[in-house]
Amino acid sequence: MNNIKKVAQYIVANPDTGETKALLELAVALETNAPYELNKLYNMSREQFKLALGLIEDWRLDRHYLSKLRLLDHAEINQIPSFQ
């Protein structure tokens, strides 16, 4: 199971904790490029900290693949033969 799903499961199972709030804020910050206070990670338990790092890792990996797909799409568009 990927880390994003694990975080989502944790949030559903623990909706009213400070760690859930910190994880949600982290997810929003990653998606919107908003600032995030890193001390919130420090205040998490070890398991939730690992979830947060996994979320960051999956987010980064997803962005890497998304940028590759965009590059390939652009390359394919530029290689379309012209018909006259």
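Chemist: Got a minute to help me understand the environment of Leu 23 in this structure?
Modeler: Tracing the chain through its elements places Leu 23 in helix α2 (residues 18-32). A relative accessible area of 0% means that Leu 23 is categorised as buried. Sequence spacing of Leu 23 and Leu 51 is 28 residues, and the spatial spacing of their C-alpha atoms is 8.4 Å. Those residues in contact with Leu 23, other than ones at most four positions away along the chain, are Val 7, Tyr 10, Ile 11, Met 44, Gln 48, Ala 52 and Leu 55.

Chemist: Would you mind showing me how to read unusual backbone geometry here?
Modeler: Most peptide bonds are trans, and most residues other than glycine sit at a negative phi. You will see that Asn 33, though not glycine, has its phi angle at about 60°, which is positive. Inspection of the secondary structure assignment puts Asn 33 in the loop between α2 and α3 (39-42).

Chemist: Which parts of the structure should I look at to understand the pattern of salt bridges?
Modeler: Close approach of charged atoms allows side chains with opposite charge to pair. In this structure the tally under the stated criterion is three salt bridges. Here Lys 50 makes a salt bridge to Glu 47, at a shortest N to O gap of 3.7 Å. Taken as a pair, Lys 50 and Glu 47 lie in helix α4 (residues 46-78) at a separation of three residues, close to a single helical turn. Accessibility expressed as a relative area gives 44% for Lys 50, which makes it partly exposed. The class for Glu 47 is partly exposed, based on a relative accessible area of 48%.

Chemist: Hey, could you run me through helix α1 (residues 3-13) in this one?
Modeler: Taken together, the buried positions of α1 are Asn 3, Val 7, Tyr 10 and Ile 11. Buried residues of α1 fall within an arc of 100° about the axis and therefore sit on the same side. Exposed residues on α1 whose side chains face more than 90 degrees from its buried face are Lys 5, Val 12 and Ala 13. At the N-terminal boundary of α1, the capping side chain belongs to Asn 2, with an oxygen 3.2 Å from the backbone nitrogen of Ile 4.

Chemist: In this structure, what is going on with the side chain of Asp 58? I would like to understand it.
Modeler: By the element assignment, Asp 58 lies in helix α4. Nearest to the buried, unbridged Asp 58 among oppositely charged side chains is Lys 6, at 8.1 Å. If near-sequence neighbours (up to four positions away) are discounted, Asp 58 is found in contact with Asn 2, Asn 3 and Ile 4.

Criteria and cut-off values
Residues numbered from 1 in each chain as written. Predicted model: local features only at pLDDT ≥ 70, side-chain atom pairs only at ≥ 80, totals over all residues. Heavy atoms only, no water. Helix = DSSP H or I, 4+ residues; strand = E, 2+ residues; numbered from the N terminus. Buried < 20%, exposed > 50% of the residue type's maximum accessible area, 1.4 Å probe, protein only. Contact = heavy atoms within 4.5 Å. Salt bridge = Lys/Arg side-chain N within 4 Å of Asp/Glu carboxyl O. Arc of directions from axis to C-beta. Polar contact = N/O pair within 3.5 Å; in protein donor to acceptor, adjacent residues only side chain to side chain. Lys, Arg positive; Asp, Glu negative; His and termini not counted.

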